[in-house]
Amino acid sequence: MKRKSAVQIRCTVCQVNSATDSSVCNSCRQTVAAESQANTESFNRANLDATLQDTLGLSAHRFNELLARADDALAATQLRDTLSANAYQALMQTGTQTDDALAATQLRDTLSADAYQALMQTGTQTDDALAKQAVQFATPTERKETRFVANAERTERVAGFLPAHLYRQIVAQEQPEPQPEPPVSQEPSAPAVAVRPKRSRRKFLAALHLVVDILLVVLVVLAGLGVYTQYVQTQQTRAAAQGRLTLANQEALTAQEETQAQQLATQEEFNQAQQQATNLVQTFHKTVSSWDQSHLYRDSYDSHRYPLASGYEQAGVGAFIDKDLAEAHTTAEYQSVVSATQNELFNLQMLEADYQDHTPFNQAHASDLHMLQRYQLSQGTVMVVSLVEQIMRVYQQGKLVRAFHITTGRVERPSLPGVWSVLDRQSPTIFESGDPPGSPYWFPNTPINYAILYHLGGFFVHDAPWRGTFGPGSQFPHRDSSGNTSYNFDGSHGCINLSEADAAWVYQHTTWKSSLVIY
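Below you will find a few notes about this structure. Per-chain numbering applies: the sequence of each chain, read as written, is numbered from 1 onward. Per-residue local features of the predicted model are confined to residues with pLDDT of at least 70, and side-chain atom pairs are confined, for both listing and counting, to 80 or more; whole-chain, interface and lining totals are unaffected and use all residues. To get the side-chain values, all heavy atoms of the structure are used, and hydrogens and water are removed first.

On to the overall build of the protein. The secondary structure listing takes helices from DSSP runs of H or I that are at least 4 residues long and strands from runs of E that are at least 2 residues long, numbered from the N terminus. Along the backbone of the protein there are 13 helices and 15 strands. Counting the 519 residues in the protein, one finds 34% classified as buried. For the area figures, the Shrake-Rupley method with a 1.4 Å probe applies, and any residue is considered shielded solely by the protein chains shown. With the model as given, the accessible surface of the protein reaches about 31,700 Å², and the carbon-plus-sulfur share is 54%. Only protein chains enter the accessibility calculation, which uses a 1.4 Å probe; a residue is then buried when its area is under 20% of its type maximum, exposed when over 50%, and partly exposed in between.

Okay, here's the thing in structure tokens:
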């Protein structure tokens, strides 16, 4: 048989949900039951508190304070029994003996002797403080369980100083009525929110502050290191710059000192060269003059005496040496004067040696060979002229080839002693006078067949067809074999005169590379 369906009516409370067996829906019924249980508990607790207050004869303020302190003591005892040793030890460090003494004094002044004795048996005020802090760190569930245990223990301790029938009445009033279990909700429960203990939060904040402090210290240290590094680099840069400046100064000073030393050395060398040249030129002139004065040539033609070394005096190379000395301004120039003067002194010594040599003119003389050796003229063709002999000897490869009588320059215009190169070769040519008409040294244009230039200024080795006498003494005034004229009674104007035949041989057996030595 068919089952009758339940009658669906609207709830009389919410006017929304439907009810079946009664006029109230399940949701509203559960809400009413919860409110009824809360009112019952509130009523039982209010009746219990009123009964205790009347029994003890306390005012409402003192009774409430007594209940609060009893709850704290019971909670501390429960926490000491339930918490671990480390947690309890941490809670014990939060109170002081001074707070315990003050709390005990206030209770002794407020409660009766029996009530104070009952409370003193529950523990010390230090336990109360520890219990309170333990409750602060406990979860809501732990706090609720601790509260129920504290209420039970408080009831047991209150029974110790209340009459039996009054205690039983209080206990009967505090027993809660059995409540129906709440329906299991079909909705998924919300996930439990993890509550971070305050102590862990403090540790986290402390650790965070420590990390921040460490970072600040590290930043300060790094900044200090950066500043120090920059300072060190700056000092190193300054030191390097100072070192470079000092080194540059030292190098400049060293260069200056070297320059000064060189200047001093140069100046000293210059002074020495100047003094040496001056002294040597003076010595040269004295030597020439002394020898000439002691070796004068007595001319039988005019009974005069003439110097044999006139070519070394002022009319000859002596003037050139004085001119070079006067125009010298450097050490090298003075040294050049010294070298030229030394050579002329050597040539003069060879003249003196040849004056004493009586070797025939057509044989090699020792003085000739010394001249060739000094001036390194042992190779090639060399024309050697002896002023005291008035002889030319031609040497090829250091060997005597021919010897000729010659006529050199007169005393006023002597031939120049020295070692000369061939500057020009002319065959034939015409000589023109370098002196003006009316001068005792003027001559008309004269044809020359063989001419070899050995020094600028018209100093030649050439043929002299207007002469008939050559050889010793012909450089001084004499009687010419061809008859005297104004051009042949005396020596030349500085040239080396030969007969036309001898000049032709010399010209044909010499070259541009040949040398002329006059001493």
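What follows deals with helix α10 (residues 317–327). Listed in full, the buried residues belonging to α10 are Val317, Gly318, Ile321 and Leu325. Down the axis of α10, the buried set is contained in an arc of 110°. They therefore lie on one face. Directions pointing from the helix axis toward each C-beta atom define the arc.

A few words now on the sheet that holds strand β6 (residues 391–396). For two strands to count as paired, DSSP must find a minimum of two bridges between them. The five strands are arranged β7-β6-β5-β15-β8 in an open sheet whose pairing can be described as mixed. The strands lining the two open edges of the sheet, one partner per strand, are β7 (399–405) and β8 (418–421). In this sheet, neighbouring strand axes are inclined to one another by 20° on average, regardless of whether the strands run parallel or antiparallel. Direction of pairing for β8 relative to strand β15 (residues 515–518): antiparallel, over a ladder of four bridges. Counted as the bridge partner of Val419 is Val517 from β15. Axes here mean lines fitted to C-alpha atoms, for a helix over just the part in contact, with angles spanning 0 to 180 degrees between N-to-C directions.

Each pair of packed helices can be summarised by the angle the axes make with each other and by the distance between the axes. Following both chains from N to C, one finds α10 and helix α11 (residues 331–356) inclined at 165°, their axes separated by 9 Å at the closest point. Compared by their axis directions, α10 and α11 come out roughly antiparallel. Our pair here, α10 against α11, has a crossing hand that is left-handed. Residues Val317, Ile321, Asp324, Leu325 and Glu327 of α10 lie in contact with α11, whose contacting residues are Glu333, Tyr334, Val337, Thr341 and Glu344. Side-chain classes follow a simple rule in which Ala, Val, Leu, Ile, Met, Phe, Trp, Tyr, Cys and Pro form the nonpolar group, Asp, Glu, Lys and Arg form the charged group, and the remainder, Gly included, forms the polar group. Tallied by class, residues from the contact of α10 with α11 come to five nonpolar, one polar and four charged. Put simply, angles under 35 degrees are roughly parallel, angles over 145 are roughly antiparallel, angles from 65 to 115 are roughly perpendicular, and the rest are oblique. Crossings are classed by handedness, with left-handed meaning an anticlockwise turn of the near helix from the far one by less than a right angle and right-handed meaning a clockwise turn. Any two residues having at least one pair of non-hydrogen atoms within 4.5 Å are treated as being in contact.

Core analysis: the largest hydrophobic core is formed by 60 residues, its most contacted members being Tyr312, Leu351, Met392, Ile496 and Leu498. For Met392, the residues in contact, after removing those within four places along its chain, are Met383, Val384, Val385, Arg402, Ala403, Phe404, Ile406, Val461, Ile496, Leu498 and Val506. To qualify as a nonpolar core, a set must consist of buried Ala, Val, Leu, Ile, Met, Phe, Trp, Tyr and Cys residues joined through side-chain atoms within 4.5 Å. Membership of the second largest hydrophobic core comes to seven residues, among which are Phe431, Ala451, Phe460 and Cys495.

With that out of the way, let us pick up the side chain of His478. For His478, the position within the fold is in the loop between β13 (459–463) and β14 (496–498). Within the local environment of His478, its side chain forms a polar contact with the backbone oxygen of Asn488, the two atoms lying 3.3 Å apart. Setting aside residues up to four positions removed in sequence, His478 forms contacts with Tyr301, Arg467, Thr469, Gly473, Asn484, Asn488, Phe489 and Asp490. Counting of polar contacts relies on pairs of N or O atoms within 3.5 Å, with two restrictions inside protein: one atom must be capable of donating a hydrogen and the other of accepting it, and residues adjacent in sequence are counted only when both atoms are side-chain atoms.

This part covers the sheet that holds β13. Spatially, β9-β12-β13-β14 is the arrangement adopted by the four strands of the open sheet, whose pairing is mixed. A strand with exactly one partner marks an edge of an open sheet, and here the two such strands are β9 (424–426) and β14. On average, adjacent strands in this sheet sit at an angle of 15° to one another, irrespective of strand direction. Note: β9 against strand β12 (residues 451–455), three bridges, orientation antiparallel. Note on β12: the bridge partner recorded for Arg425 is Ile452.

Further remarks concern the side chain of Thr341. Following the sequence through the fold, Thr341 ends up in helix α11. A distance of 2.7 Å separates the side chain of Thr341 from the backbone oxygen of Val337, its partner in a polar contact. Excluding residues within four positions of it along the chain, Thr341 makes contact with Leu280, Val281, Phe284 and Ile321.

On to the packing of aromatic side chains, then. Side-chain rings of Phe, Tyr and Trp (the six-membered ring for Trp) are treated as a pair once their centres are within 6.5 Å; stacked means planes under 30 degrees apart, edge-to-face means over 60, and tilted covers the remaining angles. If you walk through the whole model with that rule in mind, you get 10 aromatic pairs. Taking 5.3 Å as the distance between ring centres and 75° as the angle between the ring planes, the aromatic pair formed by Phe270 and Tyr334 counts as edge-to-face. Placement of the pair is Phe270 in helix α9 (residues 198–294) and Tyr334 in helix α11, with a sequence separation of 64 residues. On the numbers, 5.6 Å between centres and 85° between planes, the contact of Trp291 with Tyr355 is edge-to-face. On the criterion of sequence distance, the pair formed by Trp291 in helix α9 and Tyr355 in helix α11 is long-range, its members being 64 residues apart. A residue is classified by how much of its surface remains accessible, and Trp291, at 7% relative accessible area, is buried. In this structure Tyr355 comes out as partly exposed when scored by relative accessible area, which is 34%.

Counting buried residues in β6 gives five out of six residues, a clear majority hidden from the surface. Pairing analysis gives six bridges linking strand β5 (residues 381–386) to β6, with the strands arranged antiparallel. Across the sheet, residue Val384 finds its bridge partner in β6, namely Arg393. In this sheet, β7 lies alongside β6 in antiparallel orientation, the contact comprising six bridges. Its bridge partner lying in β7, Met392 is registered against Phe404. Taken together, β6 and the strand that follows it, β7, pair antiparallel across an intervening segment of two residues, in which Gln397 is found at a positive phi of about 55°.

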